[in-house]
Amino acid sequence: MSTAALSLARACLGLTTPILISAALVACSDDEEFQQAVDQVQQQPQATEIQAGQRDSEAQQGVEAATASAIAQQAQEQQQALQEQAMQEQAEQVEQEQHEQAAQQQEQQATVEFEGARPSVSPSETSFRDYETSVWANTTEDDTATFALDADRASWSIAVNYVKAGHFVEPASVRAEEWINAHDYEYNQPDALDEFGVTLDLIPHPLDEENLHLLRIGMQAPVIERTHPVNVIFVADASGSMAEGNRIDIARATLQALEGSLIPDLDRVGIIQFSVDPIPSSFVPHTRPGSEFLQASIDRLLPYYGTNVQAGINLGMQLANDARQAWPESDNYVVLISDGVANVDATDPFAILRSAGEEDENNPIRLITVGVGIGHYNDVLLEQLAQYGNGWYYYMDSPEQAWETFTPENWLRLSTPFADQTRAQIRWSSETVAAWRVIGYENRRTSDESFEEERKEFAEISSGAAVTIFVELELTSEAQSQAFDQIELGDVEVRWRTPRSDESNRQEHRLAITESATPDPLLQLGAIVALAADRYGSLDGIGDPAAAEVHSELQVLRELLRSVRSDELSHLETADELSSVIESLLAATSP
């Protein structure tokens, strides 16, 4: 075995600072000689850094070896003491929180019944952003809607988890487009692999059939083959707040499911755990999936102290960039698994992303965020990091959901991007559309002029993903008279950039459509989801004076869902979840 291989193995396994980690990453390889060196180094105490001018002195080597052994033993004792202290503090914190939760539960009084239990207000210390709800626009004054597309679904998962836990859904947590896109409408695949399939439907408005219509635009990305290996670096939150509930269990399951979905002979994966700072003992550089060192690090995931998301992401992006340079044909991902409660260094998503310094648009590092937890949860940070970090945002409420979400098949699609910087523009005809209002996408709106620009905050759409847009319409009197003939409502244009290419793409589709007198059940399901999310999410909070009107509309939607479910949707799990969510929304808005 060469001395160079042995030194390289020591460097890869004994790193203690982000700078040394980054410097050694590219040098670490997968060859047999390096693995033999790793095995040998694992059986020996780690050597400390030896000054270059003293390496040839045998006497000095003996002294430094003894010193290294003493330092290693001292570090091990300190680490053990810190872990014991952390576990004691964690136990005290859990006990205190249990007392506080018990006191809060005693103070709550029953005012409504929902599945035999009273939903409570939202958990404390949660961060959601209440985006301004879109308003109606007269076509003669504004005939264009422009926004980035969005295939995220975290907002829906959060709502379902809140309802399961017996909490009211926080209106500010509702992003209607994520509720809509969390459901599968079984769109047809596009005719070609370089375009979106477009589905159009026009139905009478479920809440105002006499005066309004509801337009659905479904955009289906093709299923394409994965042609590049992927490099993934896990950035796992090991802060004290992760001790709450089953967050650590969910995080471990997510890590294991993602790692198990990678291809052993093709992909590479590494892990960083962070608390106040990255934890050196948990670091594993990019290696092949199935590595025993990676599994050992996942098994050791434990909560410690504060949360320095900035430090974790910075190091993760640095390592991902090094991997991108070492293996330029790979797609690169940083997966942050956290409750988002940042309290050390930068806590603002834009400050965190600026410090990460990702600039390569041709082969971007995609930042994926996976949220866990209910109380002490920062949805804003995780959602914005994903939106402006070229990635997507998921929320896990159980280990089982993690395994179901990140199956090998699902990950294969998620890690195969079809379109980058994807946005849509709808231009309405004033002859047929008197007024219009897009449901959701409030935090994805952009100026009409920016439609021709390419911006990284515009969405990435993965292989096989579908995006759905619902629009409330007031038709002109002329258009209403030809409701069962084909109506020209305008046109929709989609623009995107082909991943790993300078190629910009555009696709236009005429909004020529005939009103459907008998909409299919999945279309009705989508309409119910869209309107329930939109109306409830428009409230300023639980107790808003406008809640009475929303309550009446939710009652109409509940009856519609019951009639549809009794027909063709009874087998769908999402339909059952929607029924439970609507019942909870009704309880929250009850007079």
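What comes next concerns the included structure. None of these values were measured; they are calculated from a predicted model. (Residues numbered from 1 in each chain as written. Predicted model: local features only at pLDDT ≥ 70, side-chain atom pairs only at ≥ 80, totals over all residues. Heavy atoms only, no water.)

Okay, the packing of helix α7 (residues 247-260) against helix α8 (residues 292-299) next. For the pair α7 and α8, the least separation of the axes is 10 Å and the interaxial angle reads 160°. The pairing of α7 with α8 is recorded here as roughly antiparallel in orientation. Crossing of α7 against α8: the hand is right-handed. Contacts between α7 and α8 involve Arg252, Leu255, Gln256 and Glu259 from the former and Leu294, Gln295, Ile298 and Asp299 from the latter. When grouped by side-chain class, the residues that make up the contact of α7 with α8 number three nonpolar, two polar and three charged. (Axes fitted to C-alpha atoms, helices over the stretch in contact; angles between N-to-C directions. Helix = DSSP H or I, 4+ residues; strand = E, 2+ residues; numbered from the N terminus. Parallel < 35°, antiparallel > 145°, perpendicular 65-115°, else oblique. Left-handed = near helix turned anticlockwise from the far one by under 90°. Contact = heavy atoms within 4.5 Å. Nonpolar A, V, L, I, M, F, W, Y, C, P; charged D, E, K, R; others polar.)

Attention now moves to the side chain of asparagine 505. Its location among the elements puts asparagine 505 in strand β18 (residues 504-513). Judged by its relative accessible area of 13%, asparagine 505 is buried. Discounting residues that sit within four places of it in the chain, asparagine 505 has contacts with Val494, Arg495, Trp496, Arg497 and Thr498. (Buried < 20%, exposed > 50% of the residue type's maximum accessible area, 1.4 Å probe, protein only.)

Moving on, we get to empty space enclosed by the protein. The final tally for this structure, using the stated rule, is three cavities of 30 Å³ or more. Each pocket or cavity is described by its volume, and for the largest cavity that value is around 160 Å³. Taken together, 16 residues make up the lining of the largest cavity; nearest its centre are Tyr131, Val174, Arg175, Glu442 and Gly537. Those elements giving two or more residues to the lining of the largest cavity turn out to be α6 (176-181) and α15 (521-537). Residue contributions to the lining of the largest cavity peak at three residues, all from α15. For the lining of the largest cavity, the residue count by class is six nonpolar, four polar and six charged. Each pocket or cavity is described by its volume, and for the second largest cavity that value is around 50 Å³. (1 Å grid on protein atoms, 1.4 Å probe; cavity = no way out; pocket = protein on both sides within 12 Å on 5 of 7 lines; lining within 4 Å. Points joined across faces, edges and corners; volume = space filled by probe spheres on them.)

This part is about the packing of aromatic side chains. In the structure shown here, the tally under the stated rule is twelve aromatic pairs. Residues tyrosine 185 and tyrosine 187 carry aromatic rings whose centres are separated by 6.0 Å and whose planes lie at 40° to one another, so their mutual orientation is tilted. On the accessibility criterion, tyrosine 187 (10% relative accessible area) is buried. (Phe/Tyr/Trp six-rings, centres within 6.5 Å; stacked < 30°, edge-to-face > 60°.)

Within the structure shown, the criterion is met by 29 salt bridges. With a closest N to O distance of 2.8 Å, arginine 216 and aspartate 201 form a salt bridge. Of this pair, arginine 216 sits in strand β5 (residues 213-220) while aspartate 201 sits in strand β4 (residues 197-204), and the two are 15 residues apart along the sequence. Put simply, aspartate 249 and arginine 252 hold a salt bridge, and the shortest N to O gap is 3.7 Å. Placement of the pair is aspartate 249 and arginine 252 together in helix α7, with a separation of three residues, close to one helical turn. Note on aspartate 249: relative accessible area 44%, which makes it partly exposed. The exposure class of arginine 252 is buried, given its relative accessible area of 19%. (Salt bridge = Lys/Arg side-chain N within 4 Å of Asp/Glu carboxyl O.)

Where like charges cluster on the molecular surface, the negative patch consists of Glu141, Asp142, Asp143, Asp448 and Glu449. Mapped onto the secondary structure, aspartate 448 falls in the loop between β14 (433-438) and β15 (459-462). The class of aspartate 448 is partly exposed, set by a relative accessible area of 32%. (Patch = residues over 30% accessible without salt bridge, like charges linked within 9 Å, V, L, I, M, F, W, Y side chains within 5 Å. Areas by Shrake-Rupley, 256 points an atom, 1.4 Å probe, with all protein chains shown as cover. Lys, Arg positive; Asp, Glu negative; His and termini not counted. Charge placed at Lys NZ, Arg CZ, Asp CG, Glu CD.)

The next point concerns the layout of surface pockets. Reported here for the second largest pocket is a volume of approximately 1400 Å³. Together, 43 residues line the second largest pocket, and Arg153, Ala182, Asp184, Tyr394 and Asn410 are the ones closest to its centre. Those elements giving two or more residues to the lining of the second largest pocket turn out to be α5 (154-164), β12 (393-396), α12 (399-405), α13 (408-414), β15, β16 (466-475), α15 and α17 (573-589). Per-class residue counts for the lining of the second largest pocket are 16 nonpolar, 14 polar and 13 charged.

A separate point is the sheet that holds strand β10 (residues 365-372). Judged by pairing direction, the sheet is mixed, and its six strands sit side by side in the order β8-β7-β6-β9-β10-β12 without closing on themselves. Looking at strand neighbours, the two that pair on one side only are β8 (284-287) and β12, the edges of this open sheet. This sheet shows a mean twist of 20° between the axes of neighbouring strands, independent of strand direction. Two elements, β10 and β12, share four bridges in a ladder whose sense is parallel. If you follow threonine 369 over to β12, its bridge partner there is tyrosine 393. Where helix α11 (residues 379-388) meets the sheet, its contacts fall on β9 (331-338), β10 and β12, and the angle it forms with β10 comes to roughly 160°. (Pairing = 2+ DSSP bridges.)

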